[in-house]
Every structure is written in structure tokens, then in C-alpha cells.
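# Coordinate analysis (summary)
So you can see what is in the structure, the chains are spelled out below.
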Amino acid sequence: MNLKPYRDLKNYLKERYGEVVHRVPLDAGFSCPNRTDGHSGCIYCDPTGSGFTVDSSLDLKEQLESRMGTLRRKGVRKFMAYFQANSNTFAPVERLEAIYRQVIVEDVVVLDISTRPDLVAEEVLDLLDEFKKEIDVILELGLQSINPNTLSILNRGHTLAQFIDAVSRAKRHGLEVVAHVIANLPWDSREDVAEAARTLSVLGVNGVKIHSLYVVERTKLAEMLEEGTVELTTAEEFVERVIIFLEHLDRDVVIHRLVADPPLKGTVTGNWGLSKLKLLNMIEKKMIIEGRYQGSKALKTQNGK
Ligand code: SF4
């Protein structure tokens, strides 16, 4: 029974696979089109590609086996191979196929691929369709904000329409989609956060990952902070916005993450010096005390759902 005021991933995976399933983050050596060919990247993107901490000098199989070995000793028996670092569809499909195939090994039950919404051409979706015959496939797409002005300030290099297009086409291919959002972007309002949840719900995304905005050294955002051209929100505002997001999100959507750890090295400021557990507790406690839960303010769509 799920006692949390939202649909959490751990319980969902246990229901679906009958036991705990652990994500194994991988770095396949991809880069990102938003940081190559003269593009300067998202203003918060750290040089390792979104806070990646795995030893990328190991090849894919070594990364997978080393982490699976550690987790097996703790009793975990099923795994998600998670292509996390940078943009994991940024290569010709033949190369993508060869890379993804390397991680389809015993006990890996999910192929989980994180990428940008402007990097999912039909041939990539066709490839994932093929993999779906052998293994469950999740496609993770970064949105971060529903507000086009914020997307522009973040230098995301894609539009809201491109995200909607990518999700719609992935859903037509029957893929599971997980969307990434940052709940406390200083340029977004609380209404933007609610609208993001409504939009993801009507698009039929299967899961979401939320995190706070943290500032990493040698990024444009770090410069802006130093110059005083950006003011970060408080922890309390982050907590409130996460709850607003959850209230407006369809209750079937699985919450893959509510709070992330900032990168271990080079973080200027992240999570207000609070642990992930502390922030999670703040969110859950406030929801329970105030009687707020996932989907309580979700849009009633015209198809009656
Ligand atoms: S899309 Fe991801 S990897 Fe690329 S610049 Fe933005 S945060 Fe960095």
C-alpha cells in the first residue's frame, strides 16, 4: 500500500516487477548538440553533462557490471540501465543500436534513455520500438520549464512545441515517457509550475523527475549569481512549488524523483545545504499536514478522465 501523498517510483516498480528495481546510471560517451558547434549549452549545465558522477573512463559493460555487483551484494536483483550523461540519442541510429544493445544483459529489465526533445527523430523512435520487443523502454525528455521565455533564458535550445511534438510522437510509438522539470526556476511563476503539470498530464507522460535549481562552478548561471542578475528561491518556495506541481499532476503519473543531489564537486549552491532526505521530508510532511496530494487539483479533461 502506498502511504505517500504521491505515486512514488519505488512502490510502482515493486508492483510492476514484483521486487525492487534499481537504476544504474551510465555514461556512453555521448555529447550534447546544445554544447557543441558553438552552442554554449544550458546556463546551469555543468561541464560533465548534468551532474554525472560515474567513472566514465570505464566502458559501458564495466560501468554496468561494477554497479550491479555492488547492488547485488545488497540484495537487488533487477536493474534499469540508465543512459544519463548528456544527450543519449545524439548519434546515428546504427551506433545507437550497438550502444544500447551492450546493456541488454541478464537482470536488466528496463532500457532507460535520457535525451533532448529535439533529438528524437522518427528513426530513433522506430529503433526504440524494436527494443521494446525485448525489454521495457523508457524515454526521458528534458523540458525544465513550460514557459517559453524561461526556456530562452535557460538557453535550452529547444521550444515548448518541440517538447510537445516529441512526447506526442513517442506516445504514438507506445513508448513510456518521463519528463524532467525544475520546480523553482526564478523566472517561472507558481502558475507556470501548475501549468507544466497540467500540460504533462494531458500529454499523457508516464512519469516525471523534478529537481531544484542548483548552481555549478564555471556555468553562466554561476556568473549571473555572482553579478547579482539572478536571485534564487528559498527552500520553502521550492517545497511549495513541488507541492503545487504534484497537486496539478494526474494521479497516475509516476514520480521518478522529487529531489536530486547536486553534483558532489564544483557546486556553488545546491539544495540550500539541506540533504535530499531532509527536503523530501519537508515536502511530504507539508503535504500530509495540509491535506494536499498528487492529482487533487488535476484538470478534469473533456474525455471525462
Ligand atoms: S541539454 Fe543537458 S547536456 Fe545539453 S546543455 Fe542542456 S543540460 Fe547540458
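These remarks concern the structure in this document. (Residues numbered from 1 in each chain as written. Predicted model: local features only at pLDDT ≥ 70, side-chain atom pairs only at ≥ 80, totals over all residues.)

## Concerning the overall build of the protein
Worth spelling out the cut-off: Secondary structure follows DSSP: runs of H or I at least 4 residues long count as helices, runs of E at least 2 residues long count as strands, and numbering of each begins at the N terminus. Note that the radius of gyration is over C-alpha atoms, with the globule rule given as 2.2 Å times the number of residues to the power 0.38. Each residue gets a C-beta atom placed from its backbone, and two residues are in contact if those atoms lie within 7 Å.
Scanning the protein from N- to C-terminus turns up ten helices and nine strands. Relative to a compact globule of 305 residues, whose C-alpha radius of gyration would be 19 Å, the protein shows 19 Å and is just as compact. Seen along its three principal axes, the alpha-carbon backbone of the protein occupies a region of about 45 × 45 × 40 Å. Taking contacts inside the protein between residues at least 6 apart in sequence as the whole, the part at least 24 apart equals 85%.

## Describing the site of the ligand
Counted only if it meets this: For each residue, a C-beta atom is placed from the backbone, and the residue counts as near a molecule or strand when that atom lies within 6 Å of it. We call Asp, Glu, Lys and Arg charged. Ala, Val, Leu, Ile, Met, Phe, Trp, Tyr, Cys and Pro are nonpolar, and the rest, Gly among them, are polar.
The environment of the ligand is formed by twelve residues, the closest being Cys 32, Asn 34, Gly 41, Cys 42 and Cys 45. Of the residues contributing to the shell around the ligand, the split by class is three nonpolar, seven polar and two charged.

## Here's the deal with the sheet that holds strand S4 (residues 136–144)
Cut-off, in case you're wondering: For two strands to be treated as a pair, DSSP must find no fewer than two bridges joining them. Fitting a line to C-alpha atoms yields each axis, with helices limited to the stretch in contact; the angle taken between N-to-C directions then spans 0 to 180 degrees.
With respect to topology, seven strands assemble into an open sheet ordered S1-S2-S3-S4-S5-S6-S8, the strand pairing being parallel. Of all strands in the sheet, those bounded by a partner on one side alone are strand S1 (21–26) and strand S8 (254–257). The mean angle between the axes of side-by-side strands here comes to 25 degrees, regardless of whether they run parallel or antiparallel. Bridge count between S4 and strand S5 (residues 176–182): six bridges; the pairing is parallel. What sits directly across from Leu 141, in S5, is Ala 179. Across the face of the sheet, helix H1 (residues 9–17) comes into contact with S1, strand S2 (78–83), strand S3 (108–115) and S8 while running at roughly 120 degrees to S8.

## Structural notes on unusual backbone geometry
To keep it simple, the criterion reads: Here a residue counts as buried when 20 or more other C-beta atoms fall within 10 Å of its C-beta, as exposed when 12 or fewer do, and as partly exposed in between; the C-beta atoms come from the backbone.
Positive phi is not limited to glycine here, since Asn 271 has a value of about 55 degrees. Mapped onto the elements, Asn 271 comes out in the loop between strand S9 (267–269) and helix H10 (276–290). If you check the backbone angles, Trp 272 has positive phi at about 55 degrees while not being a glycine. One can find Trp 272 in the loop between S9 and H10. On the basis of neighbour counts, which here come to 15 C-beta atoms within 10 Å, the residue Trp 272 falls in the partly exposed class.

## Description of the pairing of S4
This is how it is decided: The definition of a right-handed crossover adopted here requires that, viewed with the strands pointing away, the path from the first strand over the helix to the second runs clockwise.
Of all the nine residues making up S4, eight are buried; the element is thus mostly covered by neighbouring parts of the structure. In this structure, S3 lies alongside S4, joined through six bridges in parallel fashion. Note on S4: the bridge partner recorded for Asp 112 is Ile 138. A crossover connection joins S3 to the parallel S4 through helix H4 (residues 122–131); in handedness this β-α-β unit is right-handed.

## A few points about the pairing of S5
Among the seven residues in S5, five count as buried, and that is most of the element. One ladder, built from five bridges, connects S5 with strand S6 (residues 207–211); its direction is parallel. Considered in S6, the bridge of Val 181 is made with Ile 210.

## Re the nonpolar core
For clarity, the cut-off: Defined on buried residues, the nonpolar core groups Ala, Val, Leu, Ile, Met, Phe, Trp, Tyr and Cys residues joined through C-beta atoms within 7 Å.
In terms of nonpolar packing, the biggest core is built from 77 residues, with Ala 81, Leu 139, Val 177, Ala 179, Val 208, Val 242 and Phe 245 touching the most fellow members. When residues no more than four places from it in sequence are discounted, the contact partners of Leu 139 are Ile 113, Leu 128, Ala 170, Leu 175, Glu 176 and Val 177.

## As for the packing of helix H7 (residues 190–203) against helix H9 (residues 235–247)
Which entries qualify depends on this criterion: Handedness of each helix crossing follows the sense of rotation of the near helix against the far helix: counterclockwise by less than a right angle gives left-handed, clockwise gives right-handed.
One way to put it is that H7 packs onto H9 with a least axis distance of 7 Å and a crossing angle of 35 degrees. Like other packed secondary-structure pairs, H7 and H9 cross with a definite hand, here right-handed. Seen from H7, the contacting residues are Arg 190, Val 193, Ala 194, Ala 196 and Ala 197; seen from H9, they are Arg 241, Ile 244 and Phe 245.

## Notes on the environment of Thr 267
Its location among the elements puts Thr 267 in strand S9. When near neighbours in sequence (up to four residues on either side) are disregarded, Thr 267 contacts Tyr 214, Val 216 and Pro 262.

## So, the environment of Ala 222
Within the secondary structure, Ala 222 is located in helix H8 (residues 220–227). Taking the C-alpha atoms as reference, Ala 222 lies 8.5 Å from Ile 43; in sequence the two are 179 residues apart. In this view, Ala 222 contacts Val 215, Val 216, Glu 217 and Val 268; residues no more than four positions away in its chain are not counted.

## Some words on the packing of helix H3 (residues 93–101) against H4
Our working definition: Oblique is the label for any angle not under 35 degrees, not over 145, and not in the 65 to 115 range, which are roughly parallel, roughly antiparallel and roughly perpendicular in turn.
The contact between H3 and H4 brings their axes to 10 Å, and the two run at 30 degrees. As the angle between them shows, H3 and H4 are arranged roughly parallel. At the point where H3 passes H4, the crossing takes the right-handed sense. Where H3 approaches H4, its residues Val 93, Leu 96, Glu 97 and Tyr 100 are matched on the opposing element by Glu 123, Val 124, Leu 127 and Phe 131. The residue inventory of the contact of H3 with H4, partitioned by class, reads six nonpolar, no polar and two charged.

## Brief notes about H9
Since the α-helix turns once every 3.6 residues, residues separated by three or four places project in the same direction. Formally: Each residue after the first adds 1.5 Å to the expected span of a helix.
With 13 residues, H9 ought to run about 18 Å at 1.5 Å a step, and its terminal C-alpha atoms sit 18 Å apart, in line with that. Those residues of H9 lying buried are Phe 238, Val 239, Arg 241, Val 242, Ile 243, Ile 244, Phe 245, Leu 246 and Glu 247. If you follow the buried residues of H9, they end up packed against H7, S6 and H10.

Any functional reading would require information beyond the geometric quantities listed.
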